[in-house]
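The residues making up each chain are set out below.
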Amino acid sequence: MSGIYRIALKLLVNDKSKFTALLVGITFAVFLMVMMMSMFSGILSKSCAPVYNIGARIWVMDPAVNNTVSSIPMPDYVLSTARSINGVKYAVPLYYGGAQVKLRNGNFQGVTVIGLDDATLFGRPELLEGKIEDIFAENAFLIVKDAEFNKLENPKLGSEFEINDNRGLVVGIAKVASSGLFGVPTLYTTFNRAITYIPSTRFTTSYVLIEPKSETDIPRIQREIAKLGYQALTREQFVKKISDFYTFKTGMGMNILLMTTISFIVGLSISGQTFYTFILENLEKFGAMKAIGAKGRELISMIMFQAFFTSLIGYGLGVGAASSFMMLAKLRMPDYAAQITFTILAFALVMVTIIAGVSSYIGVRKVLQIQPFDIFRG
Amino acid sequence: MDDCVIRASNLEKWFGEGEARTQAVKDANFEAHYGEMLYIVGPSGSGKTTLLSMISGILKPNGGQVTIEGRDLWAMTDDELADLRLNKLGFVFQDYHLFPRLSTVENVAIPLILKKMEWNQALRLALEYLQIVGLKDRAELQPVNLSGGEQQRVAIARAIVGQPDILIFDEPTASLDGDTGRKIVEFVKTNILNEKRCIIIVTHDSRIYEYADRIMKMEDGKITGLENNHLNEK
Ligand SMILES: Nc1ncnc2c1ncn2[C@@H]1O[C@H](COP(=O)(O)OP(=O)(O)O)[C@@H](O)[C@H]1O
Ligand SMILES: [Mg+2]
């Protein structure tokens, strides 16, 4: 390390109280920002979980649908029309709805029921126990073993339960890639059983799932579906629609944005302020260094080094604190919806860089203003 | 032999414009030589610091010329000036201006580090200079733990560690008691001054006049006299 950076580092670190205040400010801001964004990201990813779990390339739905749960049933002709569109390899119906399971203790537990196309079982989950053919047996249901599983009193193969006044039988324990947002267990059954067991409107198809023959067929399929007054979205489009809904239509996105901004401002003001006092305290000495023969750019690089060094350490501490916190939280609450993504890390890094940049800018301006002549005059 | 190191000709400096304009230095002409200790004395506000700053590349004059070893000082770029100050000049400020969070030896090493000397080597050399000013045992202390006189000696060590030809002291004894001030200047005269060095000291402390080789008097921005020091029987 070049000597002037070593000097810069010593000036900074030897001033223990200010260095600590700087680190605490930045660490705290990073911690809060990462927590906020990770929470939001976790919620978004959970809200989109069914889209990934089912795995269809194209989802046909009522244009008013903005998340998987609030599906709006469509008439049967949507499915038959979809099957007739040129470029559709196959199209299947999906039932997606809620039901009540009566527990042995007499309480009710809400569940999500997914009804898979009887002919293909398209979108079926991976089974941990049981055989998939058994889904066609009388009253058969698969139960997803996720964080919500024990809300159904830890059912086993062969367990019986009551669902909306019908009998249900557990024939399989399934596993899905990610569990949903709403904290209710998920059951799979066939489409036909779902619509007979669960009271429904005249229309019964929640979604039509389409597999296109090729990527290039997708725009045509979307156009044809649009002619019916419905919407065909690719998986990615659907995920984006759901995310947009939570981000922009629920107040949640705004809240997270506000909290993140506040954390940023708090961090910026604490560390900006502290760094400024630090510079002020050493200002005359920097002026003396100028008189001795330090060049402006050497002083600038010293100050930037100090600001960025502190910020990067604060960043590391903040990210570390946030991820430990999340790990601990997940140990206690398997459902805890928070995930640190690469984007979040990058975003927090950008914010920290801004904090460092602003702080050093203030310092650099001060130090460039100071004239060695003023030092001389005392 | 030309032993003239600094030559100032017709130096002018004023601050402000119009009504508010104050002439800090008027038509200053003088030379400083190797091997001498030149004092600039005069009442407060007479322009001593201003003159000192103009001949050391810190304050640009409004008129006139400064040459250092024949080179026109104020024709240089900012970087050239900084390099000149770093390599040819050493400064001792009235208020020492040591970094409070650095150890004594690190403070002394700063000019060497600015010259890109390797860290350990710079510290080793700085320690030698601390020994010269008699403060080797204070090397690891922070300046706050030193007395005023000791801090001034650290500042002197910092000024001479880069082996500059010209040493500039502005009121070096102003913050010291009389005895300490005298001792320091005596030390500088006997240990730091040599025939390849020129030391310029601004002061209005008559207790240290006896160490001057020549004394230049200033009054109201004008040089009113420059003569050999009769107190100094050299
Ligand atoms: N930056 C400045 N702005 C305005 N006036 C100044 C400035 N620097 C010095 N002066 C004026 O110039 C004169 C000489 O100042 P200075 O060289 O500091 O005197 P000395 O060092 O002899 O006490 C004084 O009248 C002072 O007020
Ligand atoms: Mg002065």
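Placed above this text is the structure.
Visitor: It is not clear to me how the overall build of chain B should be interpreted in this structure. Could you clarify?
Guide: Counting secondary structure elements, chain B contains six helices and 10 strands. Against the globule reference of 17 Å for 234 residues, chain B gives a C-alpha radius of gyration of 18 Å, in line with a compact fold. Dimensions of chain B, computed from C-alpha atoms along their principal axes, come out at roughly 50 × 45 × 40 Å. The long-range share in chain B, meaning contacts at least 24 apart out of those at least 6 apart in sequence, stands at 67%. Summing over all exposed atoms, chain B offers an accessible surface of approximately 10,100 Å²; the carbon and sulfur share of this is 45%.

Visitor: Whenever I open this one, the site of ligand 1 confuses me. Can you help?
Guide: Taken together, 13 residues surround ligand 1, and among them B:Gly45, B:Gly47, B:Lys48, B:Thr49 and B:Thr50 come closest. With respect to ligand 1, its neighbouring residues span chains A and B. One of the side-chain N or O atoms of A:Arg377 is found 3.1 Å from a nitrogen atom in ligand 1. Taking B:Ser46, its main chain carries an N or O atom lying 3.2 Å from an oxygen atom of ligand 1.

Visitor: Got a minute to help me understand the sheet that holds strand S2 (residues 22-33) of chain B in this structure?
Guide: Whenever strands of a sheet pair, they do so through backbone hydrogen bonds, lying parallel or antiparallel. All names here are of chain B. Across the sheet, which stays open at both edges, the four strands sit in the order S2-S1-S4-S5 with antiparallel pairing between neighbours. A single partner strand is all that each edge strand has here, and the edge strands are S2 and strand S5 (71-72). Here strand S1 (residues 4-15) runs beside S2; their pairing, made up of eight bridges, is antiparallel. Note that in S2 the partner of Cys4 across the bridge is His33. Helix H1 (residues 48-55) contacts S1, S2 and strand S4 (63-68) of the sheet and is inclined by roughly 125 degrees relative to S1.

Visitor: I tried to follow the interface of chain A and chain B on my own but got confused; where do I start?
Guide: Accessible area lost during the coming together of the parts is what is often quoted as the interface size. Between chain A and chain B, the contact holds 29 residues from the first and 32 residues from the second. It is A:Ile292, A:Phe373 and A:Phe376 in chain A that bury the most area against chain B; as a group they hold 28% of the surface buried on that side. Connecting chain A to chain B are six salt bridges. In this structure, B:Arg101 engages A:Glu281 in a salt bridge whose closest nitrogen and oxygen atoms are separated by 3.7 Å. Of all elements in the fold, only helix H1 (3-13), helix H8 (252-292), helix H9 (296-332) and helix H11 (372-377) of chain A reach the threshold of two or more residues within the side of chain A that touches chain B. Ranked by the residues each element gives to the side of chain A that touches chain B, the list is headed by H8(A), at 10 residues. Along the lines of polarity and charge, the residues of the side of chain A that touches chain B split into 13 nonpolar, five polar and 11 charged.

Visitor: What is the right way to read helix H10 (residues 342-369) of chain A from this model?
Guide: All names here are of chain A. Counted at 1.5 Å a residue, the expected span for H10 with its 28 residues is 40 Å, and the 40 Å between its end C-alpha atoms agrees. All of the buried residues in H10 are Ile344, Ala348, Met351, Val352, Ile355, Ala356, Ser359, Ser360, Gly363, Val364 and Val367. In this structure, the buried residues of H10 make contact with helix H2 (16-47), H8 and H9.

Criteria and cut-off values
- Residues numbered from 1 in each chain as written.
- Chains lettered and ligands numbered in written order.
- Predicted model: local features only at pLDDT ≥ 70, side-chain atom pairs only at ≥ 80, totals over all residues.
- Heavy atoms only, no water.
- Helix = DSSP H or I, 4+ residues; strand = E, 2+ residues; numbered from the N terminus.
- Rg over C-alpha atoms; globule rule 2.2 N^0.38 Å.
- Contact = heavy atoms within 4.5 Å.
- Areas by Shrake-Rupley, 256 points an atom, 1.4 Å probe, with all protein chains shown as cover.
- Near = heavy atom within 4 Å.
- Polar contact = N/O pair within 3.5 Å; in protein donor to acceptor, adjacent residues only side chain to side chain.
- Pairing = 2+ DSSP bridges.
- Axes fitted to C-alpha atoms, helices over the stretch in contact; angles between N-to-C directions.
- Buried area = accessible area lost by both parts, 1.4 Å probe.
- Salt bridge = Lys/Arg side-chain N within 4 Å of Asp/Glu carboxyl O.
- Nonpolar A, V, L, I, M, F, W, Y, C, P; charged D, E, K, R; others polar.
- Expected span 1.5 Å × (residues − 1).
- Buried < 20%, exposed > 50% of the residue type's maximum accessible area, 1.4 Å probe, protein only.

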